[in-house]
Amino acid sequence: MLEALGSPVNPPPIPVDIRWFFGHRYGDIENFTGRVKELEMLDEWLSNDKDNLLILRALGGFGKSILTWQWFNNNVDKTKWQTAVWWSFYEKESGFESFLAETLKHLGVEVKESARQQVNDLLEAMRGTNILIVLDGFERLLRQYGRMDAALQSDDEDADIDPSQRDCSSPLTETFLRGLSGAGMKSKVLMTTRLCPRALESADGKLLKGCRDESLSAFSPEDAVTYFHNEGIQATRAEIVEVCATYGYHPLSLSLLVGLINEDHRFAQRGDIAAVKNLEIFEDVRARRHHVLERAYESLAPERMDLLSKISCFRGSMEYAVLKKVFPSPDLDKALLDLRKRGLLQYAGETGRYDMHPIVRHYAYDHFTNEKRRKEAHVQLAMHFVDVMPVTNKNVKTLEDLTPVIELYHHMLRAGNLDEAVKLFYDRINKPTYYQFGAYQLRIELLRALFIDGEDKLPRLKDESAQAFTLNALGAAYGMSGQPYYSVKLREMTNDIYENKTKNKEHLAIGLGNVAGQQLVIGALSDAERNLRRAMDLCREIDNKFEEASDHSHLSRVFITCGLWNEAEQELSIFLEMAGKDKKIQMQGVAWSYRALRFLLMARANPQSSIVNCKSAIECIQRALELADETTRTRMNVPRDYVRVYWLLGAAYRANNDLTLAEENLSKALNLCRQINAVDAEADILLDLARLRYKQGDLKDAQEKASEALVITERSGYVLQGADVNLFLAQYALEQEKDKVKAKEYAESALKLAYCDGPPYYYKVAYEEAERFLEKLEQV
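None of the values given here were measured: they were computed from a predicted structure. (Residues numbered from 1 in each chain as written. Predicted model: local features only at pLDDT ≥ 70, side-chain atom pairs only at ≥ 80, totals over all residues. Heavy atoms only, no water.)

What to know about the overall build of the protein chain
Working step 1: For the protein chain, the count of helices and strands is 32 helices and nine strands.
Working step 2: For the protein chain, the C-alpha radius of gyration of 30 Å lies close to 28 Å, the compact-globule estimate for 780 residues.
Working step 3: For the protein chain, the spread of C-alpha atoms along the three principal axes comes to 90 × 85 × 65 Å.
Working step 4: Across the 780 residues that make up the protein chain, the buried fraction comes to 56%.
Working step 5: When the accessible surface of the protein chain is totalled, it reaches about 34,500 Å², and 49% of it is carbon and sulfur.
Working step 6: Counting 100 positive and 117 negative side-chain charges, the protein chain places the centres of these two groups 2 Å from one another. (Helix = DSSP H or I, 4+ residues; strand = E, 2+ residues; numbered from the N terminus. Rg over C-alpha atoms; globule rule 2.2 N^0.38 Å. Buried < 20%, exposed > 50% of the residue type's maximum accessible area, 1.4 Å probe, protein only. Areas by Shrake-Rupley, 256 points an atom, 1.4 Å probe, with all protein chains shown as cover. Lys, Arg positive; Asp, Glu negative; His and termini not counted. Charge placed at Lys NZ, Arg CZ, Asp CG, Glu CD.)

In structure tokens, the structure reads:
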């Protein structure tokens, strides 16, 4: 029986579950050449166990994208990296939120409504298994390039860029980046970018643990020689080196040079390097690079030059079907092929989309025959999107459904029709992006495009009310995304219009209350009080009881911060009386929360009465919870109210040493906070969780949560929260690390932050705690 089986055979290969997700495709890589050392460096990075994140950094035209695409598709072992993601931020509507949702969907993870929770879920998945992620064009998520017209921005290697421009436009993105450097990360992320995100640097400018930065240089002479010969250029090695050295071996410039040699009909020696030996040579290598792009563009026939400039009007890659419809011509296919051969256009065959290198796009866009032709091109494209855009937002279920509207908005802007564009934003984009999707970062990108002269100047709109709307909408988006300083500046400009131009007292009263709320969190307490008192005076003048009551509640917060307990209680009593008359249940719940906060800070200010004040805080917050529940039953669910309630209830139980109930409520608060991306509340909750962990003896988690809170306060500029976090870390450094120097640094930072505008407009409790800590430190 055994003999009948014959000789043994190899078992069938074990099937491998390969799950590679291409969010986007890169085009035209047939002529990829060389880069052996760079590919080896990428291989070494992928195989090591110390670097979770590799930053491949270079200015435009050095070949970051094509190198990583080539490596990703040809060098990575799919049996070892069975799950991988390629995502390009150069594409339209390919922002960070889209990356999160699409990647989680591909991984088979439930895509929760909250983008903050999506970050947590993706990081958790990346800790649990090996996932390779390539993030191409990450600079588009930084403030320097985070604009709607980013594809048309040039980069200057000599530009003195303010470090803040390397901040991520969204704090959510920074949370993800910081998570990559954490312990237990099994996955790897390769980032290509023009600038290194500042979130990846510690205070001393060094990269965070697990991060590695590699600068991509130009071609080597050997690669240049191989490339030219592969493209059929007739030349000796010495001739190629001589010509390419002139351009600093800049890959994009060499690609354009090859296109010139092979395709320019004006050269008698087509295909021979001698054709370009007599090109004008400038002393500065950057001028030479610009010159070869200029020659490549000018070598085109007029109609193809015009086509390239028209294609540059698109925000990103475009489908062939769209090009054919918008630019109908029997010569279109030949023209597109010619532009590809010249290195001016890229084509991704698998998706049927055409794209342009950002440097080429910027040049082609800037070199329309005249401004009139450029505007005409945008009008032509606008008319296309008018035809394909749905008439209403009735069927808008995702952000992608808004793409035709956003495209129309873009072309209206670039055609100079700013007034029509802002009307389109108000009618079709405003509500879904704010209320339906909470797409605050997208709103920032779209609205910033209206500020042609910069955000410190008014948008160029004819109607003053439209200017005020634009300023306020952008200010609100900044506030909701954890950027209060930008919010304050824009809302102050909004109020100036209401006060001095439109003379609208009702809008001014509301605007003063709005700006005061943001001024409070950045420690501008004197300005906050002044604006709230002005707002209340206006409300009384125009008999707006609702806004006046709201202003009394905000003023109580100012007084609580300043340690003016009686004044705070007086404002809260007025507020509760007014809200009670109008049966504003939800507003009453907010007031009881503020009352609880008052008692908690009183407990900190006077430890002898801590038990009494903590008990009062618990009673107040339980009443706030009852009112939040009643609001949910009778009117609507307000998640932010529950975040505030659970945080304060957890903080009060912790202060009262009821650690089980503290854990329960603080966990609820953090989960809900992240579900609705309430950036302004997260640091407070993390800090109280750190205090709780400290009491429980989990020192490692206490330090980690406090450090996470510190990053939020520093990045967002939350002064009051920052003072409290620094105080905790000072205590931790002294008691657990026995590091007096570090403890003193934290305490001095807390003292400085708590000072605000100086007494009486200061965060009194934190300031006095910092003073006592520093005095104690001198005696240790």
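Now that the structure is up, let's keep going.
Observations concerning the pairing of strand β5 (residues 188-193)
Working step 1: Of all six residues making up β5, six are buried, and the element is well covered by its neighbours.
Working step 2: The side-chain alternation of β5 yields two buried faces, one formed by K188, L190 and T192 and the other by V189, M191 and T193.
Working step 3: Note: strand β2 (residues 53-57) against β5, five bridges, orientation parallel. Along β5, the bridge assignment pairs I55 with M191.
Working step 4: The pairing of strand β4 (residues 132-136) with β5 spans four bridges and is classified as parallel. Paired with V134 across the strands is L190, a residue of β5. (Pairing = 2+ DSSP bridges.)

Here's the deal with the packing of aromatic side chains
Working step 1: Evaluation of the coordinates by the stated rule reveals 30 aromatic pairs.
Working step 2: Summarising the aromatic geometry, the rings of Y365 and F368 are spaced 6.2 Å apart at their centres and angled 85 degrees between planes, so their arrangement reads as edge-to-face.
Working step 3: On the accessibility criterion, F368 (8% relative accessible area) is buried.
Working step 4: Through a chain of ring-to-ring contacts, the aromatic side chains of F21, W87, F89, F96, F99, F138 and F176 assemble into a single cluster.
Working step 5: Sitting over the face of the ring of F22, R25 holds its NZ or CZ atom 4.0 Å from the ring centroid.
Working step 6: Here the guanidinium or amino end of R143 rests over the ring plane of Y486, the centre of that ring lying 4.1 Å away. (Phe/Tyr/Trp six-rings, centres within 6.5 Å; stacked < 30°, edge-to-face > 60°. Lys NZ or Arg CZ within 6 Å of the ring centre and 35° of its normal.)

Details of unusual backbone geometry
Working step 1: The omega torsion of the bond from P759 to P760 falls at 5 degrees, within 30 degrees of zero and hence cis.
Working step 2: Along the chain, the position of P760 falls in the loop between α31 (740-755) and α32 (764-779).
Working step 3: Notably, R35 is not glycine yet its phi reads approximately 60 degrees, a positive angle.
Working step 4: Tracing the sequence through the fold places R35 in the loop between β1 (19-22) and α1 (36-47).
Working step 5: Look at N657: it is not a glycine, yet its phi comes out positive at around 65 degrees.
Working step 6: With respect to the secondary-structure elements, N657 resides in the loop between α26 (639-655) and α27 (659-675).
Working step 7: The class for N657 is exposed, based on a relative accessible area of 55%.

Points about the environment of W71
Working step 1: With respect to the helices, strands and loops of the structure, W71 is situated in helix α2 (residues 64-74).
Working step 2: Judged by its relative accessible area of 0%, W71 is buried.
Working step 3: When the C-alpha atoms of W71 and R35 are compared, they prove to be 10.0 Å apart, with 36 residues separating the residues in sequence.
Working step 4: Sequence-distant contacts of W71, that is, excluding residues within four places in its chain, are made with L39, L42, D43, W45, L46, V76, L132 and L190. (Contact = heavy atoms within 4.5 Å.)

Re the pattern of salt bridges
Working step 1: The final tally for this structure, using the stated rule, is 55 salt bridges.
Working step 2: The partner of D537 in a salt bridge is R540, and the shortest N-O contact between them spans 2.9 Å. With D537 and R540 both in helix α21 (residues 525-542) and three residues apart, the pair spans about one turn of that helix.
Working step 3: A salt bridge links R640 to D680, with the nearest nitrogen and oxygen atoms 3.1 Å apart. Taken together, the residues R640 in helix α26 and D680 in helix α28 (residues 679-696) connect sequence positions 40 residues apart.
Working step 4: What makes D680 partly exposed here is its relative accessible area of 33%.
Working step 5: Sharing partners across several salt bridges, the network here consists of D167, E174, R178, R198 and R715. (Salt bridge = Lys/Arg side-chain N within 4 Å of Asp/Glu carboxyl O.)

As for the packing of helix α17 (residues 440-448) against helix α18 (residues 464-480)
Working step 1: Two elements in contact, α17 and α18, have axes whose closest approach is 9 Å; the angle formed by their N-to-C orientations is 145 degrees. Seen along the crossing, α17 lies across α18 with a hand that is left-handed. Where α17 approaches α18, its residues Y440, R443, I444, L447 and R448 are matched on the opposing element by T470, A473, L474, A477, Y478 and M480.
Working step 2: Class assignment of the residues belonging to the contact of α17 with α18 gives a composition of eight nonpolar, one polar and two charged. (Axes fitted to C-alpha atoms, helices over the stretch in contact; angles between N-to-C directions. Left-handed = near helix turned anticlockwise from the far one by under 90°. Nonpolar A, V, L, I, M, F, W, Y, C, P; charged D, E, K, R; others polar.)

Some details on the sheet that holds β5
Working step 1: Here we have six strands laid out as an open sheet, ordered β1-β3-β4-β5-β2-β6, and parallel in their pairing. Among the strands making up the open sheet, the edge pair consists of β1 and β6 (211-215). The mean angle between the axes of side-by-side strands here comes to 10 degrees, regardless of whether they run parallel or antiparallel.
Working step 2: Pairing analysis gives five bridges linking β2 to β6, with the strands arranged parallel. Bridging across to β6, L54 finds its partner in R212.

Things to note about the sheet that holds strand β8 (residues 346-348)
Working step 1: Pairing is antiparallel in the open sheet, where three strands are placed in the order β7-β9-β8. In this open sheet, the two strands that pair with only one neighbour each are β7 (318-319) and β8.
Working step 2: As judged from the two bridges shared by β7 and strand β9 (residues 353-355), these two strands associate in the antiparallel manner. Counted as the bridge partner of M318 is Y354 from β9.

Quick word on the environment of N130
Working step 1: Within the fold, N130 resides in the loop between α4 (115-128) and β4.
Working step 2: Given a relative accessible area of 35%, N130 falls into the partly exposed group.
Working step 3: With 50 residues separating them along the chain, N130 and K80 place their C-alpha atoms 8.3 Å apart.

Side note on the nonpolar core
Working step 1: W647, I685, F728 and Y763 are the most contacted members of the largest nonpolar core, which totals 86 residues.
Working step 2: Grouped together as the second largest cluster of nonpolar side chains are 78 residues, A224, V292, L307 and L308 included. (Core = buried A, V, L, I, M, F, W, Y, C linked by side-chain atoms within 4.5 Å.)

Quick look at a nonpolar patch on the surface
Working step 1: Taken together, the side chains of V379, M383 and V386 make up a nonpolar region of the molecular surface, amounting to roughly 240 Å² of accessible area.
Working step 2: Within the element layout of this structure, V379 appears in helix α14 (residues 371-388).
Working step 3: You can call V379 partly exposed: its relative accessible area is 38%. (Patch = residues over 30% accessible without salt bridge, like charges linked within 9 Å, V, L, I, M, F, W, Y side chains within 5 Å.)

Digging into α27
Working step 1: Relative to the 24 Å expected for 17 residues at 1.5 Å per residue, α27 spans 24 Å between its end C-alpha atoms, a close match to the ideal helical length.
Working step 2: Every buried residue of α27 is accounted for by A662, N665, L666, A669, L670, L672, C673 and R674.
Working step 3: Packing partners of the buried residues in α27 comprise α4, α26, α28 and α29 (699-716).
Working step 4: Just downstream of α27, N677 is the residue with a positive phi angle, here 55 degrees. (Expected span 1.5 Å × (residues − 1).)

Here we look at the side chain of D641
Working step 1: One can find D641 in helix α26.
Working step 2: For D641, the side chain forms a polar contact with the side chain of Q586, separated by 2.8 Å.
Working step 3: Looking at D641, its side chain comes within polar contact range of the side chain of R644, at 3.1 Å.
Working step 4: Once you skip the residues sitting within four places of it in the chain, D641 turns out to touch Q586 and V590. (Polar contact = N/O pair within 3.5 Å; in protein donor to acceptor, adjacent residues only side chain to side chain.)

So, α4
Working step 1: Compared with an ideal rise of 1.5 Å per residue, which puts 14 residues at 20 Å, α4 spans 20 Å between its outermost C-alpha atoms and is within 8% of the ideal.
Working step 2: With 11 of its 14 residues buried, α4 lies for the most part within the structure.
Working step 3: For α4, the set of buried residues is A115, R116, Q117, Q118, V119, N120, D121, L122, L123, A125 and M126.

That's the geometry; what it means functionally is another story.
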